Amino acid sequence: MEAELIFCEDTRVTKKLLQLLGEKNNLEFNCKDFKSFHSHNENQVLKTLTPEDFNKNIVYVSDAGMPC
């Protein structure tokens with residue numbers, strides 16, 4: 001199963017990391033839905049989640065250290 005939504009600290013950094021990882025290892029990442037999610041916007045983002053979002057395959061990527 002592939003990710004349907006990727007939460008990340010900085011969408012620009014995560015997209016670049018996935019691009020480099022894909023090029024280096026001949027991988028293809030098809031998920032195009034990225035949302036910024038970090039300590040400064042977490043309450044705002046959580047309020048936007050819909051019941052349908054809880055049925056999606058969602059991934060959280062930390063680009064600058066350990067998440068949580």
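Residues numbered from 1 in each chain as written. Predicted model: local features only at pLDDT ≥ 70, side-chain atom pairs only at ≥ 80, totals over all residues. Heavy atoms only, no water.

> Would you take a moment to explain unusual backbone geometry for this structure?
Excluding glycine, residues mostly carry a negative phi; peptide bonds, for their part, are mostly trans. Non-glycine residue Asn26 carries a positive phi angle of around 55 degrees. On the basis of relative accessibility, which here comes to 71%, the residue Asn26 falls in the exposed class. (Buried < 20%, exposed > 50% of the residue type's maximum accessible area, 1.4 Å probe, protein only.)

> Quick question: what am I supposed to make of the side chain of Thr14 here?
Here Thr14 lies in helix H1 (residues 11–25). Look past the residues within four positions of Thr14 in its chain and what remains in contact with it is Ile6, Cys8, Phe34, Val61 and Asp63. (Helix = DSSP H or I, 4+ residues; strand = E, 2+ residues; numbered from the N terminus. Contact = heavy atoms within 4.5 Å.)

> Explanation requested: the environment of Phe29 in the structure shown.
In this structure, Phe29 sits in the loop between H1 and strand S2 (34–36). Sequence separation between Phe29 and Glu2 is 27 residues, and the spatial gap between their C-alpha atoms is 8.4 Å. Those residues in contact with Phe29 that sit more than four places away from it in its chain are Leu18, Leu21 and Gly22.

> Even after reading the chapter, I still don't get the packing of aromatic side chains, so can you show me in this structure?
Considering all chains together, one arrives at two aromatic pairs under this definition. Seen in terms of ring centroids, Phe7 and Phe37 are 5.1 Å apart; in terms of plane orientation they differ by 40 degrees. Their pairing is tilted. Here Phe7 is found in strand S1 (residues 5–8), whereas its partner Phe37 is found in the loop between S2 and helix H2 (42–48), with 30 residues between them in sequence. Aromatic side chains Phe37 and Tyr60 sit 6.1 Å apart centroid to centroid with 85 degrees between the ring planes, which places their arrangement in the edge-to-face category. Taken as a pair, Phe37 in the loop between S2 and H2 and Tyr60 in strand S3 (residues 58–61) lie far apart in primary sequence, 23 residues in all. Take Phe37: its relative accessible area is 18%, and that puts it in the buried class. Taken together, the aromatic side chains of Phe7, Phe37 and Tyr60 make up a single cluster linked through ring pairs. (Phe/Tyr/Trp six-rings, centres within 6.5 Å; stacked < 30°, edge-to-face > 60°.)

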